[in-house]
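Commentary on secondary and tertiary structure
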Amino acid sequence: MDTSVAAGVELVLRSTRVVTPEGTRAASVAVSGGKIVAVAAYDAAVPTGARLEDFGDDVLLPGLVDTHVHVNDPGRTEWEGFWTATRAAAAGGITTLIDMPLNSLPPTTTVDNLRTKQDVARSKAHIDVGFWGGALPDNVADLKPLHDAGVYGFKCFLSPSGVEEFPELNQDQLATSMAEIAGFGGLLIVHAEDPHELDAAPHTSGPKYADYLATRPRVSEDTAIEKLIALAKRIGARVHVLHLSSSDAIPLIAAARREGVRLTVETCPHYLTLTAEEVPDGASEFKCCPPIREAGNQDLLWGALADGTIDCVVTDHSPSTADLKTDDFATAWGGISGLQLSLPAVWTEARKRGHTLDDVVRWMCTRTAELVGLDRKGAIEAGRDADFAVLAPDETFTVDPAELHHRNRVTAYAGKTLSGVVKSTWLRGERILHGGEFTEPAGRLLERNN
């Protein structure tokens, strides 16, 4: 280790398997002042006065970055909250999350509302937290002030959001908001389901998942994405498709990219690991919008993730109280709680399909950090924040809802055996979770411009 670096090193993390931008290798990671200052040889001498943490063959990962989380705090804190959500995230190896502008009350659609949410989060965050703004039909004038106040971009819906305080945009309103956001170099992130296609689909109720699936057909996503691409191409905007579930949209996305459209795309662990065929009748813990689709569709999503057409994997953690998860798919709340289980769920399926932890880190950390411009996060290399997860990738566990840390312990993964146990989580060089025990909240509130 370079002597000029060694002088200030406080901590060295060592493992035979460290996931770095150059691949997984044996290494020692030197930390000073909460930052990574060097990634050195495995057997590099530990500087005088520095503490050594040796993880043996457990894998040292960069702390994951989840850019799609509904914390619902304030206003719907019985659904979730910053204290519980950030603990669940830390337990899953996530060290940074970006909070969606709904379903909190108030939604993050004005600077005052943003400050309200920040004030609530400040003392409760166990990990670092940033915020998305929202684009509504009537808040175009609020978008630039929100951007200047540090939100990472703006979410909109093209079909009803499920909460009345966050209405969807029609195509004219979408064009207006998109042009405004493009004008100051912002990012528009879109829940892309076409309302006309949803209206044309069957309107059924009851406990059968197949009936629910028919109410949100693939064509609703495909049509919305096609229109979004055309508009983004015309305006020259940067846009991001949220929670892609329809594999039929993949050729549209690939073609748009070849044409130079500034388009990125995410999918979610539940679309990659759960299938429509396995959903029992009445099991609305599996309900989300857009829905979990068939196994053949899932295979194509994995192919698009492997070839880079899909950029990243995020949880879309969207919890509710248990009573809203009724056995009628038409009326049950649509959302899956996945913060704590996203890494093992994705890793369990990824390894079966021949992928490595390097791939998982790229999808769930590096590319998500790049999406929102977090150049301090997302990799184990000098200059980044010393955020880490220590993973035992071959250890397995069976999901017990009672052991989950999010507020309402409802999960579509109950009873599943997953690979990958998070042994500890570190934030800026401090261990915030070890052996199931958390430190006091140490997270910071992040803003795009600092």
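Structure report, in brief.

Conventions and cut-offs
The residue count restarts for each chain, going from 1 along the sequence in the order it is written. Reporting of local features is limited, given that this is a predicted model, to residues whose pLDDT is at least 70; pairs of side-chain atoms are given and counted only at 80 or more, and all residues count toward the totals for whole chains, interfaces and linings. Based on all heavy atoms of the structure, the side-chain values leave hydrogens and waters out of the count. The criterion for strand pairing is that DSSP finds at least two bridges linking the strands in question. Elements are defined by DSSP. Helices are runs of H or I of four residues or more, strands are runs of E of two residues or more, and each kind is numbered from the N terminus. Axis geometry follows a simple rule: fit a line to the C-alpha atoms, using only the stretch in contact for helices, then measure angles between N-to-C directions, giving values from 0 to 180 degrees. Any two residues whose heavy atoms approach within 4.5 Å are treated as being in contact. Among the buried residues, those of types Ala, Val, Leu, Ile, Met, Phe, Trp, Tyr and Cys that are joined through side-chain atoms within 4.5 Å form a nonpolar core. A 1.4 Å probe rolled over the protein chains alone gives each residue an accessible area, and that area as a share of the maximum for its type sets the label: buried under 20%, exposed over 50%, partly exposed in between. Should an angle fall under 35 degrees it is taken as roughly parallel, and over 145 as roughly antiparallel, whereas 65 to 115 is taken as roughly perpendicular and any remaining angle as oblique. Two helices cross in a left-handed way if the nearer one is turned anticlockwise from the farther one by less than a right angle. They cross in a right-handed way if the turn is clockwise. By the convention adopted, Pro, Cys, Tyr, Trp, Phe, Met, Ile, Leu, Val and Ala count as nonpolar, Lys, Arg, Asp and Glu as charged, and the other residues, Gly among them, as polar. Salt bridges are defined as contacts in which a side-chain nitrogen from Lys or Arg sits within 4 Å of a carboxyl oxygen from Asp or Glu.

A few words on the sheet that holds strand S8 (residues 128-131). Read across the sheet, 3 strands follow the order S6-S7-S8 without closing on themselves; strand pairing throughout is parallel. Across the chains shown, the open sheet's two edge strands, defined by having one partner strand only, are strand S6 (64-69) and S8. This sheet shows a mean twist of 20° between the axes of neighbouring strands, independent of strand direction. For strand S7 (residues 94-99) and S8, the ladder comprises 4 bridges, and the chain directions are parallel. Bridge assignment links Asp 99 to a residue of S8, and that residue is Phe 131. Helix H2 (residues 82-91) rests against S7 and S8 of the sheet, and its axis sits at about 135° to S7.

Counting residues in each nonpolar core, the largest one holds 101 residues, and the members touching the most others are Phe 154, Leu 174, Met 178, Leu 188, Leu 244, Leu 263 and Val 360. When sequence neighbours within four positions are dropped, the list of residues in contact with Leu 174 reads Cys 156, Leu 158, Leu 169, Leu 188, Leu 228 and Leu 231. The next biggest cluster of nonpolar side chains, apart from the first, holds 14 residues, and it includes Leu 11, Leu 13, Phe 55 and Ala 386.

In this section: the packing of helix H5 (residues 171-183) against helix H8 (residues 218-235). At a minimum axis separation of 10 Å, H5 and H8 run at an interaxial angle of 40°. When the axis of H5 is compared with that of H8, the two are oblique. For the pair H5 and H8, the sense of crossing is right-handed. Counting all contacts with H5, which are made through Gln 171, Leu 174, Ala 175, Met 178, Ala 179 and Ala 182, the residues of H8 involved are Lys 227, Leu 228, Leu 231, Ala 232, Arg 234 and Ile 235. Within the contact of H5 with H8, the residues separate by chemical class into 9 nonpolar, 1 polar and 2 charged.

Scanning the entire structure with this criterion turns up 29 salt bridges. Across the salt bridge formed by Glu 221 and Arg 293, the nearest N and O atoms sit 2.9 Å from each other. Of this pair, Glu 221 sits in helix H8 while Arg 293 sits in the loop between helix H10 (269-273) and helix H11 (295-307), placing them 72 residues apart in sequence. Like Arg 293, Glu 221 is buried. Between Arg 353 and Glu 349 there is a salt bridge, with the nearest N and O atoms lying 2.8 Å from each other. Residues participating in the shared-partner salt-bridge network are Lys 35, Asp 128, Lys 377, Asp 385, Asp 387 and Arg 428.

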